[in-house]
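Observations on the three-dimensional arrangement
Listed here are the chains, written in short residue letters.
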Amino acid sequence: MPLDALRHTPLHALHLAAGARMAPFAGWDMPLHYGSQLDEHHAVRTAAGVFDVSHMAQADISGPQADSYLRRMLCGDVARIGTGKALYTCLLNEQAGIIDDLLVYRLGTDRFRLVLNAARRDADLAWLRAQLAGFSVVLTPRDDLAMLAVQGPQARTQASRSLPHALRVATADLARFAAAEHGDWLVGRTGYTGEDGFEIMLPADSAPQVWQTLLEAGVRPTGLGSRDTLRLEAGLSLYGHDMDETITPLECGLAWTVHWEPPQRDFIGQAALAARRTAGPAQQRAGVVLACRGVLRDDAPVFQEGRQIGHLTSGGFGPTVGRGIGLARVETGAEGVCTIRIRDRDLPGQLVTPPFVREGTLRLELPPLIQA
């Protein structure tokens, strides 16, 4: 896509003024980093960073049958969450492939907010609209809103200073995966980094001032580069890499997002997913950590005893881990030592259970370093 055709968030001018290195992402011109991706990563792990995630799609679902509609559309059951609570789950097709992974917030008895991946916006909205027939529901894209993610051990303290007074009070003791609403503002204690923090949905014209207030309070501006290394260390999946419309939740570590009870709830993809569960999925998700120096790459093949058992779906270097790490889709039951082929070199590694890091703490025992 030509650069002049890329979309801009309400903070685009501020990113340019801050000297951000910009890069195309899902049709948007987005900040990759502001000088040091590594420093930004560590800032989120040790203090606080703020991401402009206004490129993500927001859409409201409302109406007397909003609850019934979403219970049909999502593999997770929104009947399980009360007002002010959030649920992470998936939107499936009839074959149980993942159209998108998303967050849904219940704002009331018959009001919900969906937060969708930027790259899946058009596909998601088309699918959601195609299923509206027979439901008394209104689907409203919220292109008037921006979104900031403030993440890190100091994030909530720092972010609260930038919120309207009513939200400062309402979010003071907010539980994880809970949210507080005030007018067109919605603040959720959610995130995509493995750290604590807030995701702030707010009117687009309010976003620049909030961004500046956060930076003045000492919160570091952070780009999509560190967002990726942070989510990888946290073992969080990325659409288009770790899942897509050909992969079901059972093969990519997201079986926990599926609510099978009550059995009479008929969600889209349920029959295909149940058949796959009965047969037993042939593949599973695993974490991979190198036992030598190096960086892992997406799509690299994974071997055991000279036989390929899968491939990396996400790969990189974990700054907190200090090793090359990745997420892989491998044969069900695979565990133990492995090798990963990078540019015709077979590097020693270990299959592990993600996450690698949560809340700044290493969550696995690293294999001893050896010379590759």
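Description of the structure in this document. (Residues numbered from 1 in each chain as written. Predicted model: local features only at pLDDT ≥ 70, side-chain atom pairs only at ≥ 80, totals over all residues. Heavy atoms only, no water.)

**Details of the sheet that holds strand E19 (residues 345–352)**
- Pairing in this closed barrel of six strands is antiparallel, and the strands run E14-E17-E16-E15-E18-E19 around the ring. Adjacent strand axes in the sheet meet at a mean angle of 40°, parallel and antiparallel pairs treated alike.
- Relative to strand E17 (residues 323–331), strand E14 (residues 283–290) runs antiparallel, the two being bridged by seven bridges. What sits directly across from Ala286, in E17, is Ala328.
- The strands touched by helix H8 (residues 224–233) are strand E16 (307–318) and E17; relative to E16, the strand with the most contacts, the crossing angle is about 130°. (Pairing = 2+ DSSP bridges. Helix = DSSP H or I, 4+ residues; strand = E, 2+ residues; numbered from the N terminus. Axes fitted to C-alpha atoms, helices over the stretch in contact; angles between N-to-C directions. Contact = heavy atoms within 4.5 Å.)

**Quick look at the packing of aromatic side chains**
- For the coordinates displayed, the defined rule picks out three aromatic pairs.
- Relative to Phe135, the ring of Tyr69 lies with its centre 5.5 Å away and its plane at 70°, an arrangement referred to as edge-to-face. Note that Tyr69 is positioned in helix H3 (residues 66–73) and Phe135 in the loop between helix H4 (121–130) and strand E8 (138–141), a separation of 66 residues in sequence.
- A residue is classified by how much of its surface remains accessible, and Tyr69, at 0% relative accessible area, is buried.
- Against the face of Phe51 rests Arg227, its NZ or CZ located 5.9 Å from the ring centre. (Phe/Tyr/Trp six-rings, centres within 6.5 Å; stacked < 30°, edge-to-face > 60°. Buried < 20%, exposed > 50% of the residue type's maximum accessible area, 1.4 Å probe, protein only. Lys NZ or Arg CZ within 6 Å of the ring centre and 35° of its normal.)

**Things to note about the environment of Ala23**
- Structurally, Ala23 is set in strand E1 (residues 21–25).
- In this structure Ala23 touches Trp28, Asp29, Met30 and Leu32, once residues within four positions along its chain are discounted.

**Description of the pairing of strand E5 (residues 86–92)**
- With seven of seven residues buried, E5 is to be regarded as a mostly interior element.
- In terms of strand pairing, E5 meets strand E6 (residues 98–108) through seven bridges, oriented antiparallel. Bridge assignment links Ala86 to a residue of E6, and that residue is Tyr105.
- A loop of five residues connects E5 with E6, the two strands running antiparallel in sequence, and Ala96 in this loop sits at a positive phi of about 75°.

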